[in-house]
Amino acid sequence: PAPSSEPSKSSMPSASPSAEPSAQPSAQPTDGFYYPDWTNEDQVCTNDGNDPEYMLEIQRVNYLYRSKEDCCRNHFWWRITQCMANEHPMYYSTGSACDVKVEFEDWESKYTPGSWDASGLYETMEECCIAEFWFDIDGCLGDSPRDT
């Protein structure tokens, strides 16, 4: 039988492949590995597919990671927030309330080697108010900016 443009109603696969090739070639497969990129002052881990040859051929174990966080922890531990490209805003104390921002200085890193839980940055405003203004949580929540 000739191929049709309608889907098959049978639960069994057809006996032969379709006669027409796909319209375009499929995208090139990628491993999606993250690698440390020292080529600019940002110093981040990226998976842009431009991995240097020496990382691909000789140093895969030392430079290629499935997770961006693993790459950042191993190569930019002193600036992990920047390495992670500040992908989400964090809350911090201004001294009188909690505020939110995305750009941080090196010293403001969420992760500090040697004391991983010591930080002045928080995932939510509530976490910030509880940790920083435990004596007046409601006041902190009222004085802090809210997302609209």
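Computed from a predicted structure; not experimentally measured.

1. Points about the packing of aromatic side chains
One pass over the full model with this rule turns up five aromatic pairs. Linked through ring pairs, Trp38, Tyr54, Tyr63 and Phe76 together constitute an aromatic cluster.

2. Notes on the pattern of salt bridges
If charged atoms from side chains of opposite charge come close, those side chains can pair. All told, the structure shown has one salt bridge when counted by the stated rule. Notably, a salt bridge pairs Glu69 with Arg73, separated by 2.6 Å at the nearest N-O pair. With Glu69 and Arg73 both in helix H3 (residues 68-75) and four residues apart, the pair spans about one turn of that helix. For Arg73, a relative accessible area of 29% gives the class partly exposed.

3. Quick look at the pairing of strand S3 (residues 90-93)
Both S3 and strand S4 (residues 98-101) contribute to a ladder of four bridges, which runs antiparallel. In the strand pairing of S4, Ser93 is matched with Cys98. Once S3 ends, the chain turns through four residues before running back antiparallel as S4, passing Gly95 with a positive phi of about 105°.

Cut-off values and rules
Residues numbered from 1 in each chain as written. Predicted model: local features only at pLDDT ≥ 70, side-chain atom pairs only at ≥ 80, totals over all residues. Heavy atoms only, no water. Phe/Tyr/Trp six-rings, centres within 6.5 Å; stacked < 30°, edge-to-face > 60°. Salt bridge = Lys/Arg side-chain N within 4 Å of Asp/Glu carboxyl O. Helix = DSSP H or I, 4+ residues; strand = E, 2+ residues; numbered from the N terminus. Buried < 20%, exposed > 50% of the residue type's maximum accessible area, 1.4 Å probe, protein only. Pairing = 2+ DSSP bridges.

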